[in-house]
Structures are given as C-alpha cells and as structure tokens.
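Survey of secondary and tertiary structure
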Amino acid sequence: MSSVTTPVSFPTRLSPSRAKDFVQCPKLFYYKTILGRTTPQTIATAKGTLAHTAFERLFDAERTERTPEHALAFVRPGWQTMVDPLRAKNGVPEDSVEAEIRNATNLWRDDIEAGSSREASLLRQAEEYRALFEADSKEEAAFLLATENVVANYFDIERPWNFDPVGRELHLEATVGDVTLHGFIDRLDHYTTESGEERWVISDYKTGKVPQARYLDESFFAMKVYALLLARTRGVMPHSLRLLYVGAKKPEAIQVLEVNQHLLEITEKKMNHLWAEIVQSNDHDVWETKTGPLCNWCHFKPECPAWQK
Ligand code: SF4
C-alpha cells in the first residue's frame, strides 16, 4: 500500500518516536516528519493498538470486575471501532461493549468534524486495517485470536484487581532546554511502600517479542523521555520504568529500569543534542541516509536515494 502525504511544517515539538526515527536515519525522519508521509498499518501495529484498547478500558471497571473475561470482551468490538471508526450512535446498541469503547474515546460520527484532519486520519487507518485481511478471512480470525491470547496472557504478568492507575494514555509535554518534548504514557502508577516511600512508576505495554539483552537499553528510549517529562511537568522523580511484554512469560515479560537524576540529565542532554542536529539538517535541507539492516523494513526503501542504482 502506498503512503499518504499530509503536508506539515517544521515541527515545534518532538516525540520519542520521531526522535527515534532521526536516530535510526535522518532521511526516514525527513520522509515521515518533514514531508508528513505516513507508513501503512501492519498486522503487528493493528495487534498493538487493539490490545492497548483492551488494557486501557479494563481499568474503567471496578477492581473486582477486572477479569480476563472482561478484558477479552473488548477485543472484537475494539476491532470494529478500528475498521469502522465513524458510526452513528443510533446504529450501535447503547449497552454494548462497542458503545462503551466509542463513548470512552469519543469515536462517534457526531464527535468528529467532517473534513477535519482527524476524520481523514481515522478513515485512512480504517482502510489500511481492512486491507490487511480479506473480509471474514481465516487470517482475520487468526489475528483476533492471537490478540485475545496476548490479552489473556497479561493476567499471568500482573494482577490488575490489586491497583488503580493514576493515569492512562496520559499526554505530557514540557520544554526541556531548547526542545519541547511530548508523548503519551500508557500507564502511570503511584503507591506507597511498607516503609512509607512514595513511588511513581511508568508502564508501557508491548505486544512484540522481548528484545535480546543487547537491545534492551534501546527499548527504554521513549520511557526515559517520559520519565523526564514526568519530572518536569509534575515535579516528581519516577522510581522506575516498566516495559510489559504482554505476550511473554514471566520473568522476562517485565523489564524494569530504575530512574535516577543522572539518567534524567543524560536524557535531557541527548534530546537537546538530537534537536540541534534536526534543526541543523533542516536549516541546510540535508537529510543523510543511514543504511543498515532496518532498511529492509523501511517503507521508503523503494524511493530512498541510498538504494537507487
Ligand atoms: S531505506 Fe534505509 S537509508 Fe533509506 S530512508 Fe529508509 S532507513 Fe533510511
């Protein structure tokens, strides 16, 4: 599927995913951020989005209702909201799970302005999700089953009836030195230890495989930025960052990185350094190509100058 171009101007703020693009390859950043090119959804991204819906909505329920069955009930209606985002209220039973998801996420036809960029983005994504499978195909059934397995597996990793998150899909933004950073935290937890110590913990759900040990530090790239954002916006030092590999088994399924002042300082320096490089690339309109194994998964490879003969 070809990508779509949504013309944008030079960004005024930087998210960890866009920063990661630049680190991987400045040209990739150029395609996605400067030209506004999108990359099509894949089965892996669809699974991630759908599982996130179940985990996020699970915590709407009372603690005693946070069972595997309750979480699993969000998967198939959640998929409906992804492939058909703009339904009218009178077309969906009021007491259905689909209506519950749409109410929580303002995903009704009347909530979305006709002709808006949000409408265009939702419709494009829906078309891409539908294109992943033939209607009612075996592949779609297998995809839904695989997502349900991941959601069910989560209950081997955590006990969601034992705690109440203080934030879900929490947007944070702060100017740190010369760069404005922003991002969405999947989940923010706060608790007090038996010794009376208050702890803030940032958790991120991952539906992919647990990375090899040598790539683990890289996997915390976005989380370190979230820690910095939390410290700057709320004045609290997060105790730790947790990557929850919801499809994996314990103990590998939970990867933890403790946070300290030094880590925040390094992250701040790194993000400012990156921002300076991005500004410089833009000023000179020079976006270098950085080839490597990841080029094989790059949507822009067919047109990338580094791969032209
Ligand atoms: S194919 Fe490789 S070098 Fe080209 S834009 Fe993609 S990541 Fe960069």
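**Details of the nonpolar core**
Grouped together as the largest cluster of nonpolar side chains are 47 residues, with contacts concentrated most on Leu 14, Leu 181, Ile 202 and Met 271. Residue assignment for this core shows that the elements contributing at least two residues are helix H1 (16-24), helix H2 (26-34), strand E1 (167-176), strand E2 (179-192), strand E3 (198-206), helix H10 (221-234), strand E4 (240-245) and helix H11 (261-284). When residues of this core are assigned to their parent elements, the largest contribution, nine residues, is made by H10. Those residues within four positions of Leu 14 in sequence are excluded, and the remaining contacts are Ala 19, Phe 29, Val 179, Thr 180, Leu 181, His 182, Met 271, Trp 275 and Ile 278. Membership of the second largest hydrophobic core comes to 26 residues, among which are Ala 54, Met 82, Ile 101 and Leu 144.

**Thoughts on the site of the ligand**
Near the ligand you find 13 residues, and of these Cys 25, Cys 295, Cys 298, Cys 304 and Trp 307 are the closest. A breakdown of the residues in the shell around the ligand according to their chemical character gives seven nonpolar, three polar and three charged.

**What about the layout of surface pockets?**
Taken as a whole, the second largest pocket encloses approximately 290 Å³ of empty space. Around the second largest pocket, the lining residues are Glu 158, Arg 159, Phe 163, Asp 164, Arg 187, Asp 189, His 190, Tyr 191, Val 201, Arg 242 and Ile 254. Broken down by element, the residue count for the lining of the second largest pocket peaks at four residues, all from E2.

**Some thoughts on the sheet that holds E4**
Strand order in the open sheet formed by five strands is E1-E2-E3-E4-E5, and the pairing between neighbours is mixed. Sheet topology places E1 and strand E5 (254-258) at the edges, where each strand pairs with a single neighbour. Sheet twist, expressed as the mean angle between neighbouring strand axes with direction ignored, is 40°. Note that E3 and E4 share six bridges and pair parallel. Along E4, the bridge assignment pairs Ile 202 with Leu 241.

**Some points on unusual backbone geometry**
At the junction of Lys 250 and Pro 251, the peptide bond is cis and its omega measures out at 0° in the coordinates. For Pro 251, the location among the structural elements is in the loop between E4 and E5. Phi at Glu 169 is positive, roughly 50°, even though this residue is not glycine. Within the secondary structure layout, Glu 169 lies in strand E1.

**A few points about the pattern of salt bridges**
With the rule as written, the count across this model stands at 23 salt bridges. Here Glu 173 makes a salt bridge to Arg 13, at a shortest N to O gap of 2.6 Å. Placement of the pair is Glu 173 in strand E1 and Arg 13 in the segment before H1, with a sequence separation of 160 residues. For Glu 173, a relative accessible area of 37% corresponds to the partly exposed category. Assessed through its relative accessible area of 34%, Arg 13 is described here as partly exposed. Between Arg 168 and Asp 60 there is a salt bridge whose closest N-O contact spans 2.9 Å. In this pair, Arg 168 sits in strand E1 while Asp 60 sits in the loop between helix H3 (43-58) and helix H4 (68-72), placing the two residues 108 residues apart along the sequence. Put simply, Glu 56, Arg 57, Asp 60 and Arg 168 are held in one network by salt bridges that share partners.

**Here we look at the packing of aromatic side chains**
Tallied over the entire structure, the rule returns 17 aromatic pairs. One aromatic cluster in this structure is built from Phe 22, Phe 29, Tyr 30, Tyr 31, Trp 287 and Phe 300. The lysine or arginine in question, Arg 102, covers the ring of Trp 108, its NZ or CZ lying 5.8 Å from the ring centre. Sitting over the ring of Trp 307, Lys 301 keeps its end group 4.2 Å from the ring centre.

What counts, and where the lines are drawn
Residues numbered from 1 in each chain as written. Predicted model: local features only at pLDDT ≥ 70, side-chain atom pairs only at ≥ 80, totals over all residues. Heavy atoms only, no water. Core = buried A, V, L, I, M, F, W, Y, C linked by side-chain atoms within 4.5 Å. Buried < 20%, exposed > 50% of the residue type's maximum accessible area, 1.4 Å probe, protein only. Helix = DSSP H or I, 4+ residues; strand = E, 2+ residues; numbered from the N terminus. Contact = heavy atoms within 4.5 Å. Near = heavy atom within 4 Å. Nonpolar A, V, L, I, M, F, W, Y, C, P; charged D, E, K, R; others polar. 1 Å grid on protein atoms, 1.4 Å probe; cavity = no way out; pocket = protein on both sides within 12 Å on 5 of 7 lines; lining within 4 Å. Points joined across faces, edges and corners; volume = space filled by probe spheres on them. Pairing = 2+ DSSP bridges. Axes fitted to C-alpha atoms, helices over the stretch in contact; angles between N-to-C directions. Salt bridge = Lys/Arg side-chain N within 4 Å of Asp/Glu carboxyl O. Phe/Tyr/Trp six-rings, centres within 6.5 Å; stacked < 30°, edge-to-face > 60°. Lys NZ or Arg CZ within 6 Å of the ring centre and 35° of its normal.

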